[in-house]
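The chain contents come next:
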Amino acid sequence: MDIQAIRSQFPILDRTVYGKPLVYLDNAATSQTPRRVVEAIDNAYYGHKANVHRGVHCLSQEATDAMEAGREAARRFINAPSTDEVIFTRGTTEGINLVASSYGQLLDEGDEVILTVMEHHSNIVPWQLLASRRGVVIKVVPILPDGSLDLDAYRALFSPRTRLVSVCHASNVLGSVNPIREMAEEAHRHGCVICVDGAQGVPHIKVDVQALGCDFYAFSSHKMYGPTGIGILYGRRELLEKMPPYQGGGEMIGHVSFDGTTWADLPYKFEAGTPDYVGAAALTQAIEFMEETGIDAIAAHEHDLLEYATPLMMEIPGMRIFGTAPGKCAVISFLIGRAHHYDTGMLLDKLGFAVRTGHHCAQPLMQALGIEGTVRASFAAYNTRAEVDAFIAALRRLAPMLQ
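Residues numbered from 1 in each chain as written. Predicted model: local features only at pLDDT ≥ 70, side-chain atom pairs only at ≥ 80, totals over all residues. Heavy atoms only, no water.

> Help me understand the packing of helix H2 (residues 35-47) against helix H10 (residues 277-293), please; the structure alone is not making it clear to me.
Pairs of packed helices are described in terms of their axes, by the angle between the two and the distance that separates them. Running from N to C, H2 and H10 cross one another at 155°; their axes reach a closest spacing of 8 Å. Classified by the angle their axes make, H2 and H10 are roughly antiparallel. Here H2 and H10 pass one another in a crossing that is right-handed. Two secondary-structure elements touch here, H2 through Arg36, Val37, Ala40, Ile41, Ala44 and Tyr45 and H10 through Tyr277, Val278, Ala281, Ala282, Gln285, Ala286, Glu288, Phe289 and Glu292. Across the contact of H2 with H10, the residue classes break down as 11 nonpolar, one polar and three charged. (Axes fitted to C-alpha atoms, helices over the stretch in contact; angles between N-to-C directions. Helix = DSSP H or I, 4+ residues; strand = E, 2+ residues; numbered from the N terminus. Parallel < 35°, antiparallel > 145°, perpendicular 65-115°, else oblique. Left-handed = near helix turned anticlockwise from the far one by under 90°. Contact = heavy atoms within 4.5 Å. Nonpolar A, V, L, I, M, F, W, Y, C, P; charged D, E, K, R; others polar.)

Next up, the structure:
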C-alpha cells in the first residue's frame, strides 16, 4: 500500500497534540475518517436531505437511493445473500441488543446461552438482561494462557437446553481471532444459532458471513473509517422472519389499526422510525475506501506493524503483553512494571500518543487476567513503522519512571 497516499486522506493525522505530532493508536476504540466520508455527509445534508421511503418528490427519492445503496454496499462487503437480511442499527451494541431482545423472546426459562470470558460488555449485558426477564442461563467459555479460547471447554458446555452462542470475532483487548466457522459448525450440530460481535472483525478481517456460517453478525461503522451512530446487523432470513419486531413505530409497519397491526417486510420490520440515511450514505464511502485500499492489504499492513512492534516492546524492562495467540489482530494490550495503566496513558498522551487505558469494557476478562486494566495500542491502515519507532522510543523513555 502507498501509506502516504492513504494518510493524505485523513486530515486529522497532520495535527499536533501538546506541540507533538499526533500518533493515533486508539483504532480499536474508533478509527479516523477519510475526507470522502465527511464529504458524503456534507453532500447528503446540503444537497439531498429529505425523509426516505415516504415521499414521491425528488429529494426523497435521492435520499432513499443513497440509503439503499449503503445497504447494498454493506451486503456486498460481508457477502450476505440478500439486502433483506441487512438491517441498519446504531452500531454493534444495538445489533446485539436487537438479537437478545427479539430472538430472546423465542427462548424459555432454563434455556442456555453460551458466551466467552473475552466478550465486550455489549455482548454480556444484553444477555444478562434477557436472563433477568426470561430466566435463561448463561454459560461462559474460558481462555487459554495465550489468550485464545479454550475450544474443548466450549464444546463441553453444550447441553440439550443450549439455544444460542454469542461470541466476538476478535477480542478488543487480546486481539485473539476466534474460529467462527468451527464454532458455528459446533453450535449448529447442537441445533443452536450463533451471533457474532464483529466490531473488531470487520475492520481487520475479510468477512464472508456465508463462509463463516454465522446466523447473526453485528458491526459498527465508526471502527471501519466510517461515521459514528450507524452500524449493521446481518441475520439469516428464516430467523428474522420468526422474530418479533425490536421496536414499534413508523417505517416498520404494514398496516395499522386499533384492531391490530401488521409488520413491514424485511429488513424494514426492524427499522422503526426515521433512519440515518446520511450515515448510510457515508458508510458506503467507508466501505469503498476499504475495498479500494484492499482489505487483505490492510490486514497484512497491520500485521506487519504488530510483528514489528511486539518484539521491540518486549525488550523494555518490566513490559507485560496480554494476548499472544497466533494470528491475532493488531492490538497490543500491555502494562509496564507496577505502573497504573492510567498513569502510562497520561504520560504517553503528553508525548502525542493516543492510546486507550482501562478495562476496555471487558471487566470479566480483566478479572480472569488478574488485573484492573491495561494500556492498549491498536493499529489501522494509516499507521506507519516510523510511528511505531516513535512509540517504542517514548516507552523506553518512560519505562524507568514507571517501574
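Next comes the rest of the write-up.
> Quick question: what am I supposed to make of helix H12 (residues 341-350) here?
Residues that lie three or four places apart on an α-helix share one face, since the helix turns once every 3.6 residues. For H12, the complete set of buried residues consists of His341, Thr344, Gly345 and Leu348. Axial view of H12: buried residues confined to an arc of 95°, hence all on one face. Against strand S14 (331-336), strand S15 (353-354), strand S16 (356-358), strand S17 (374-378) and helix H14 (385-402) lie the buried residues of H12. Where H12 ends, the next residue or the one after it, Gly352, has phi of about 100°, a positive value. (Buried < 20%, exposed > 50% of the residue type's maximum accessible area, 1.4 Å probe, protein only. Arc of directions from axis to C-beta.)

> Which parts of the structure should I look at to understand the sheet that holds strand S13 (residues 319-322)?
Adjacent strands of a sheet form backbone hydrogen bonds with each other and so pair up, either parallel or antiparallel. One open sheet accounts for four strands, arranged S13-S14-S17-S16; its pairing is antiparallel. The open sheet has two edge strands, S13 and S16, and neither has a second partner. Here the average twist between neighbouring strands, direction ignored, is 30°. Contacting S13, S14 and S17, H14 crosses the sheet at an angle of about 25° to S14. (Pairing = 2+ DSSP bridges.)

> Sorry if this is basic, but what is going on with the state of the cysteines here?
In protein chemistry, a disulfide is the covalent bond that joins the sulfur atoms of two cysteines. Within the structure shown, the criterion is met by zero disulfides. Here Cys329 is not cross-linked by a disulfide; its sulfur's nearest cysteine counterpart is in Cys168, at 9.9 Å. (Disulfide = S-S within 2.5 Å.)

> Explain the packing of aromatic side chains to me, please; I cannot follow it from the model alone.
Applying the stated criterion to the full structure yields 10 aromatic pairs. A ring pair is formed by Phe10 and Phe289, whose centres lie 5.6 Å apart and whose planes are at 75°; its orientation type is edge-to-face. Placement of the pair is Phe10 in the loop between helix H1 (3-7) and strand S1 (16-17) and Phe289 in helix H10, with a sequence separation of 279 residues. By the burial criterion, Phe10 is buried, and Phe289 matches it. On the basis of an interplanar angle of 70° and a centroid distance of 6.2 Å, the ring pair of Phe334 and Phe391 is categorised as edge-to-face. Highlighted residues: Phe334 in strand S14 and Phe391 in helix H14, separated in sequence by 57 residues. (Phe/Tyr/Trp six-rings, centres within 6.5 Å; stacked < 30°, edge-to-face > 60°.)

> Quick question: what am I supposed to make of the packing of helix H4 (residues 92-102) against helix H5 (residues 125-134) here?
Between H4 and H5, whose axes approach to 9 Å, the crossing angle comes to 15°. Accordingly, the angle class assigned to the pair H4 and H5 is roughly parallel. Every pair of crossing elements has a handedness; the one defined by H4 and H5 is right-handed. Counted together, Ile96, Asn97, Val99, Ala100 and Ser101 of H4 and Pro126, Trp127, Leu130 and Arg133 of H5 form the full contact between these two elements. Split by residue class, the contact of H4 with H5 holds six nonpolar, two polar and one charged.

Treat this as a map of the structure, not an account of what it does.
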